[in-house]
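Listed below, chain by chain, are the residues.
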Amino acid sequence: LSRLPTTTGASSSLTSTPPRMTTMSRNLATTSTPSPANSGCTLQFHTQPVNSVAYSLNKKMLLSTANDCTASIWLLDSSKKDVPNLVWSTREQHITSEVKCGCFYYLDQFVVLCCGPNLLLYKYYVDKV
């Protein structure tokens with residue numbers, strides 16, 4: 001990687017721990033209303049089909065990537081579920097095309113995004129709401 005964009009703090013050393021990732025081929029939609037079958041909710045933000053969804057190691061955050069050139073982190077234990085807590089987009093984070101996949105990396109301290117021919121590595125911090 002030729003650059004290491006960070007949203008806060010400095011980078012640390014990386015290990016070769018493989019990321020865990022689950023892929024989906026449907027849109028995320030958000031409502032605060034739980035579905036009748038379980039106590040979950042639907043998250044909606046992306047304007048194009050979702051390419052991948054990944055849980056953090058502690059299962060408290062969800063990373064979603066989509067064809068709308070965005071990647072989003074959702075705090076699952078947050079009271080505010082109508083918008084993501086952190087969004088990477090085309091303007092600020094050098095995303096040039098659809099974000100095909102993403103995963104949390106190195107004990108959830110980094111996010112790796114696959115965007116066209118590029119792998120982007122971000123260090124991030126999410127304020128709790």
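All residue numbers refer to positions counted from 1 along the written sequence of the respective chain. Where local features are concerned, this predicted model is filtered to residues with pLDDT of at least 70; where side-chain atom pairs are given and counted, the filter is 80 or more; whole-chain, interface and lining totals use all residues. Water and hydrogen atoms play no part in the side-chain values, which are based on all heavy atoms of the structure.

Overview of unusual backbone geometry
- Even without being a glycine, K59 presents a positive backbone phi close to 65 degrees.
- Tracing the backbone shows K59 in the loop between strand 4 (50–55) and strand 5 (61–66).
- A positive phi angle, close to 65 degrees, is found at D108, a residue other than glycine.
- In this fold, D108 is placed in the loop between strand 8 (99–105) and strand 9 (110–115).
- Taking relative accessible area as the criterion, D108 reaches 14% and is therefore assigned buried. Working definition: helices are DSSP H or I runs of at least four residues, strands are E runs of at least two. Numbering for both runs from the N terminus. Relative accessible area decides the class of each residue, using a 1.4 Å probe on protein chains only: under 20% of the type maximum gives buried, over 50% gives exposed, and in between gives partly exposed.

Some thoughts on the pattern of salt bridges
- Salt bridges are defined as contacts in which a side-chain nitrogen from Lys or Arg sits within 4 Å of a carboxyl oxygen from Asp or Glu. Overall, the coordinates contain 1 salt bridge when judged by the stated rule.
- Across the salt bridge formed by K100 and E98, the nearest N and O atoms sit 3.5 Å from each other.
- Taking relative accessible area as the criterion, K100 reaches 42% and is therefore assigned partly exposed.

A closer look at the packing of aromatic side chains
- Any pair of Phe, Tyr and Trp rings, taking the six-membered ring for Trp, is counted once the centres come within 6.5 Å. Such a pair is stacked with planes under 30 degrees apart, edge-to-face with planes over 60 apart, and tilted for the rest. Taken as a whole, this structure holds 5 aromatic pairs when the rule is applied.
- Ring geometry for F45 and W74: centres 6.5 Å apart, planes at 80 degrees, overall edge-to-face. Here F45, found in the loop between strand 3 (42–44) and strand 4, pairs with W74, found in strand 6 (residues 71–75); they are 29 residues apart in sequence, far enough to count as distant.
- Exposure remark for W74: the relative accessible area of 2% places this residue in the buried category.
- Taken together, W88, F104, Y122 and Y124 form an aromatic cluster joined through their ring pairs.

Side note on the environment of T47
- Inspection of the secondary structure puts T47 in the loop between strand 3 and strand 4.
- On the accessibility criterion, T47 (63% relative accessible area) is exposed.
- It is 8.2 Å that separates the C-alpha atoms of T47 and A66, two residues lying 19 residues apart in sequence.

Regarding the confidence of the model for the protein
- Every residue carries a pLDDT, the predictor's confidence in it, which falls somewhere between 0 and 100. Taken over all residues, the pLDDT of the protein has a mean of 74, while the share at 70 or more is 67%.
- When the criterion is pLDDT under 50, residues 1–37 qualifies, and its contacts beyond four places in sequence or with other chains add up to 85 contacts. Residue contacts are counted whenever heavy atoms from the two residues lie within 4.5 Å of one another.

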